[in-house]
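Understanding the architecture of this molecule
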Amino acid sequence: MVAVNLDEASWVETQHRTFTTWLNTQLAQRPDITPADDIVTGLSDGTRLIQLLEIISDESLGRYNRTPRLRVQKAENVNKALEFVRSRGIPLTNIGAEDFIDGNLKIMCGLLWTLILRFTIADIQVDGLSAKEGLLLWCQRKTQGYTGVDVTNFSTSWSDGLAFCALLHKYRPDLIQFDRLDVHDARSNTAKAFSIAAECVDIPPLLSVQDVCDVSRPDERSVMTYIAQYFHAFSHLDKVETAGRRLDKFVDTVHSAWVMQVEYERRMAHLYSSIEKIKQEWAAMLLPDRYDDAKALSIRFSSFKKVDKRAWVREKSSLESLFGNIQTKLQTYQLRPWQPRDGMCLGDLETCWRALLEAEAKAATKINHRIYTIKENLRISFAAKTNDFAHMLSVLSNHLSNLDGELEEQQAAVQNLAEHLEPLHIVLEEISAVSKECERANVEEENDHTIYSYDDVAFQYKLARESILKRLHFIDTQLIARSKSNVTPGQLEEIDSVFRHFDRDSDDLLVGEDFVAALASLGLTYDDNETQLIWERVGTSMRLRQAQNSLSAFATKDRQGGHGHRRAQSVASARTRSTSPRKHSQQPEAHPSVDYEAFLDLILDELEDQDSPEQVLAAFKEVADGRNFVTERDLQHAQISQTAISYLREAMPVVQTSDRDLDDDELPSDLQNDRRRSHETSTALDYVAFMSELVFDDKPVAPSQDSGTGSTK
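Counting of residues starts from 1 at the beginning of each chain's written sequence and follows it residue by residue. Local features in this predicted model are restricted to residues whose pLDDT is 70 or higher, and side-chain atom pairs enter the listing and the counts only when it is 80 or higher, whereas totals over whole chains, interfaces and linings include all residues. To get the side-chain values, take all heavy atoms of the structure and skip hydrogens and water.

Runs of H or I in DSSP of at least four residues are treated as helices and runs of E of at least two as strands, each being numbered from the N terminus. Helix and strand counts for the protein come out as 28 helices and eight strands. Put simply, the protein has 713 residues, and 39% of those count as buried. Note on contacts: a residue pair is in contact if any heavy atoms of the two residues lie within 4.5 Å. By sequence separation, contacts in the protein at least 24 residues apart represent 69% of the contacts at least 6 residues apart. Only carbon and sulfur atoms are counted for the fraction: they give 50% of the accessible area of the protein, which is about 42300 Å². Burial status follows relative accessibility: with a 1.4 Å probe on protein chains alone, a residue under 20% of its type maximum counts as buried, one over 50% as exposed, and anything between as partly exposed. Every accessible area reported is derived by Shrake-Rupley at a probe size of 1.4 Å, with residue values counting cover from the shown protein chains alone.

In structure tokens form, the structure reads like this:
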């Protein structure tokens, strides 16, 4: 007894059912063919095999026995079919007519699979991949992104039915709700997909639910055969827009030659009319003087070349083709060649076209020459303005750099330069307008008449203005410094730097927190009451100076009889702006703005006291934390330079201290221990004796009550 492989029997049976259905689907294309009950009985006499090959190859196999009764007749039919298969380059090994006559199911399934692969799957092409690989890639792309679907083969990847449903949903989302499928109900998913494919997409059910869900590994050939039906069905939907290829190749052979001739002459007349109209427009064309107008004319001319002329070129070519088609059609029916009426021949069209090209060349030359002339005039105009402007700035800069004499004379000279510089911004605006026109003409960087660009002269103007303002400010500062006997140039430079840093609006005014911050940066800090007193001091100072400036300006106006009042007012404005509140500032009335001079007066008043012996002694006491001696470590903590510390260590008397001298009841015990350890490596210096010896010859300085005690060595 021969043992039967259950797995082999299973896939043979699956292929038997699948291929039988596929066979009947193909045979159904010819209504005169009766469907086969199965492969064994349906193909045994060779008739249906021949009919199948004629259908799928779209070729006739010639005469054959349509009703064979004898074995030899059946063998002739089968051999005829097998010979046709071999003639198509399909190799057949160990297959003979007796295998079909005797019902060898495996051989029959193998041949049908070969035919399916050759005529149904082999023509599948996807990105350079064909047949099985192409079909697999197509499935992967169409099911990408679907939850639970991962197509890697034509067997187990389809067992849960989700892949079938995904393909249907990809092309026909109206037929299936993929998100509502139960991923654990494979039979239901598969049955739903097979049913929808058969009823709505006309895909025959080549497989059954059992073929897919009730086996550990569905048959690959059967699944591929079924999936190929999806590919061909949906590929048709993909190519709906290209269905025009199925249109009849024969273009209305009975179309009248007379209609073609009428169409030719109508289009020829219209083209003649259009050409003549544009030639008349060019002949009457007026050339503009402004670049923008000339450029607009050039753009319209270019638009004609890109749009109208190209359309005419296309029309000319089409008319030539139409004329040739008419003559060919007449020759096909052995008719006389057609002769258009006078002026409508192709030779006449060519003459008209040459005249158009000549007129176009003349118009282009005129337009280009006018644009070139305008551009050159723009270059010359821009160069003249920038060169003159740069020369004026150079003269101003030379005057500024050659200033000498008394400060008051220099101040007046700089103010005069400022007055001459001010109107130049109008000239700069004119240069800007010409520069923009040059930019539109694309000649701003192609000017041989000047080395300057607008940015160059604008930068020079800004630089000259800044130089004049800085020089004027410097002279004002020197005048102030000269009037202040207690300020050095170094101090004035530091104060000026701080003021400019916190003058955020560059308006020579400090307001609110900016003023307080500027004081702090110079080492001057105050509590709220002291700050209020500071505001009152600077306010009184500025009000007095305002009155003085007003009287001075009035006296100057009276002396000059009104002449020069504007100049005096502009010179004094920088010093009296503090009296006018800035609109954007919301500073309280108790805190007026502080101008530079008031700020300088305040700082000098404050700094006068900082070099007194009392202040120095107080500073030593602060560094020593209230004790009457200071250690080297204290000096280091106070950020005093090492050179100064070395000098103090040599110059100051040394004192002997006890642990009690280092104690501070207000300090935690761990900090007191740190102080003792620090003292062990640092010498105690008597700053009181040091200061008394230097400046207090007749007034010995006694230690303060909260200082420590010690004896001087």
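Note on ring pairs: Phe, Tyr and Trp rings are taken, using the six-membered ring of Trp, and paired if centres are within 6.5 Å. Classes follow the plane angle, with under 30 degrees stacked, over 60 edge-to-face and the rest tilted. Under the counting rule described, the total for this entry stands at 23 aromatic pairs. Taking 5.2 Å as the distance between ring centres and 70° as the angle between the ring planes, the aromatic pair formed by Phe-164 and Phe-194 counts as edge-to-face. Here Phe-164, found in helix α8 (residues 162-171), pairs with Phe-194, found in helix α9 (residues 186-200); they are 30 residues apart in sequence, far enough to count as distant. Of the two residues examined, Phe-164 and Phe-194, each falls in the buried class.

Below, the discussion takes up the packing of helix α13 (residues 291-332) against helix α14 (residues 346-401). Only the stretch in contact is used when fitting a helix axis, every axis being a line fitted to C-alpha atoms; angles between N-to-C directions are given from 0 to 180 degrees. Where α13 contacts α14, the two axes come as close as 11 Å, and the packing angle between them is 165°. One element, α13, and the other, α14, form an angle in the roughly antiparallel class. Here the hand of the crossing between α13 and α14 comes out left-handed. We call Asp, Glu, Lys and Arg charged. Ala, Val, Leu, Ile, Met, Phe, Trp, Tyr, Cys and Pro are nonpolar, and the rest, Gly among them, are polar. Class assignment for the residues of the contact of α13 with α14 results in 19 nonpolar, one polar and seven charged. The labels follow the angle: roughly parallel below 35 degrees, roughly antiparallel above 145, roughly perpendicular from 65 to 115, and oblique for the rest. Note on convention: near helix rotated counterclockwise from far helix by under a right angle means a left-handed crossing. Clockwise means right-handed.

Tracing the chain through its elements places Leu-510 in strand β3 (residues 509-510). The spacing of Leu-510 and Ser-593 is 83 residues in sequence and 5.8 Å in space, taken between C-alpha atoms. When neighbours within four sequence positions are excluded, Leu-510 is seen to be in contact with Phe-499, Phe-502, Asp-503, Phe-515, Ala-518, Ser-593, Val-594 and Phe-599.

Further remarks concern unusual backbone geometry. In the Ramachandran plot, Asn-94 falls in the positive-phi region, its phi being about 60° despite a non-glycine side chain. Following the sequence through the fold, Asn-94 ends up in the loop between α4 (71-87) and α5 (97-101). Look at Asp-127: it is not a glycine, yet its phi comes out positive at around 50°. Tracing the chain through its elements places Asp-127 in the loop between β1 (125-126) and β2 (129-130). The exposure class of Asp-127 is exposed, given its relative accessible area of 56%.

Take the nonpolar core next. The term nonpolar core refers to a set of buried residues drawn from Ala, Val, Leu, Ile, Met, Phe, Trp, Tyr and Cys, joined through side-chain atoms within 4.5 Å. Judged by nonpolar contacts, the single largest core of 81 residues is most densely connected at Leu-115, Trp-138, Trp-158, Ile-227 and Tyr-230. Broken down by element, the residue count for this core peaks at ten residues, all from helix α6 (residues 105-121). What Leu-115 contacts, discounting residues up to four positions off in sequence, is Leu-49, Leu-52, Leu-53, Ile-56, Val-85 and Thr-120. Counting 58 residues, the second largest nonpolar core, distinct from the first, contains Ile-326, Leu-330, Ala-363 and Leu-472.

The subject of this paragraph is the pattern of salt bridges. Take a side-chain nitrogen of Lys or Arg and a carboxyl oxygen of Asp or Glu: if they are within 4 Å of each other, that pair is a salt bridge. What the rule picks out here adds up to 27 salt bridges. Of the charged contacts, one joins Asp-214 and Arg-187 as a salt bridge, the two residues approaching to 2.6 Å between their closest N and O atoms. Of this pair, Asp-214 sits in the loop between α10 (209-213) and α11 (220-238) while Arg-187 sits in helix α9, placing them 27 residues apart in sequence. Looking at Asp-214, the relative accessible area reads 46%, which means it is partly exposed. For Arg-187, a relative accessible area of 39% gives the class partly exposed. Between Glu-263 and Arg-266 there is a salt bridge, with its nearest N and O atoms 2.9 Å apart. Of this pair, Glu-263 and Arg-266 both sit in helix α12 (residues 257-283), separated by three residues, roughly a single helical turn. Where salt bridges share partners, they join Arg-290, Asp-292, Asp-293 and Arg-440 into one cluster.

Moving on, we get to the confidence of the model for the protein. When pLDDT drops low, the exact placement of atoms in the prediction is not to be read closely. Scored from 0 to 100, pLDDT records how confident the predictor is in each individual residue. Residue-level pLDDT values for the protein average 79, and 80% of them are 70 or greater. Every residue in residues 699-713 scores below 50 in pLDDT, and together they form 29 contacts with partners more than four places removed in sequence or on other chains.

Here Asn-447 lies in the loop between α16 (424-440) and α17 (454-483). Of note is the side chain of Asn-447, whose polar atom sits 2.9 Å from the backbone nitrogen of His-449. Sequence-distant contacts of Asn-447, defined by excluding residues within four places in its chain, comprise Arg-379, Phe-382 and Ala-383. Whenever two N or O atoms come within 3.5 Å, that pair is a polar contact, provided that in protein one can donate a hydrogen and the other can accept it, and provided that, for residues adjacent in sequence, both atoms are side-chain atoms.

Looking at the element boundaries, Ala-413 is found in helix α15 (residues 407-421). The exposure class of Ala-413 is partly exposed, given its relative accessible area of 25%. In sequence terms Ala-413 and Leu-403 are ten residues apart; their C-alpha atoms lie 7.8 Å from each other.

This part is about a nonpolar patch on the surface. There is a patch of nonpolar side chains on the surface, built from Trp-258, Val-259 and Val-262 and spanning about 300 Å² of accessible area. With a relative accessible area of 40%, Val-262 lands in the partly exposed category. Only residues whose relative accessible area exceeds 30% and that take part in no salt bridge are eligible for patches, with like-charged residues grouped when within 9 Å of each other and nonpolar side chains (Val, Leu, Ile, Met, Phe, Trp, Tyr) grouped when within 5 Å.

This paragraph deals with a negative patch on the surface. For the charge count, each Lys or Arg is scored as positive and each Asp or Glu as negative, with His and the chain ends excluded. Just so you know, the charge point we use is NZ for Lys, CZ for Arg, CG for Asp and CD for Glu. A cluster of like negative charges, contributed by Glu-439, Glu-444, Glu-445, Asp-455 and Asp-456, occupies part of the molecular surface. Here Glu-439 shows up in helix α16.

This brings us to the packing of α14 against α15. Look at α14 against α15: their axes get within 10 Å of each other, and the N-to-C directions meet at 170°. With respect to α15, the element α14 is oriented roughly antiparallel. Contacts from Leu-393, Leu-396, His-399 and Leu-400 of α14 reach α15 at Val-414, Leu-417, His-420 and Leu-421. Residue composition of the contact of α14 with α15, by class: six nonpolar, two polar and no charged.

Before going further, it helps to examine the environment of Lys-106. Along the chain, Lys-106 falls in helix α6. Sequence separation between Lys-106 and Val-12 is 94 residues; the distance between their C-alpha atoms is 6.8 Å.

This next bit is on the side chain of Ser-692. Take Ser-692: it is sitting in helix α28 (residues 687-694). Under the relative-accessibility criterion, Ser-692 is labelled buried at 14%. A polar side-chain atom of Ser-692 sits 2.8 Å from the main-chain carbonyl oxygen of Val-688.

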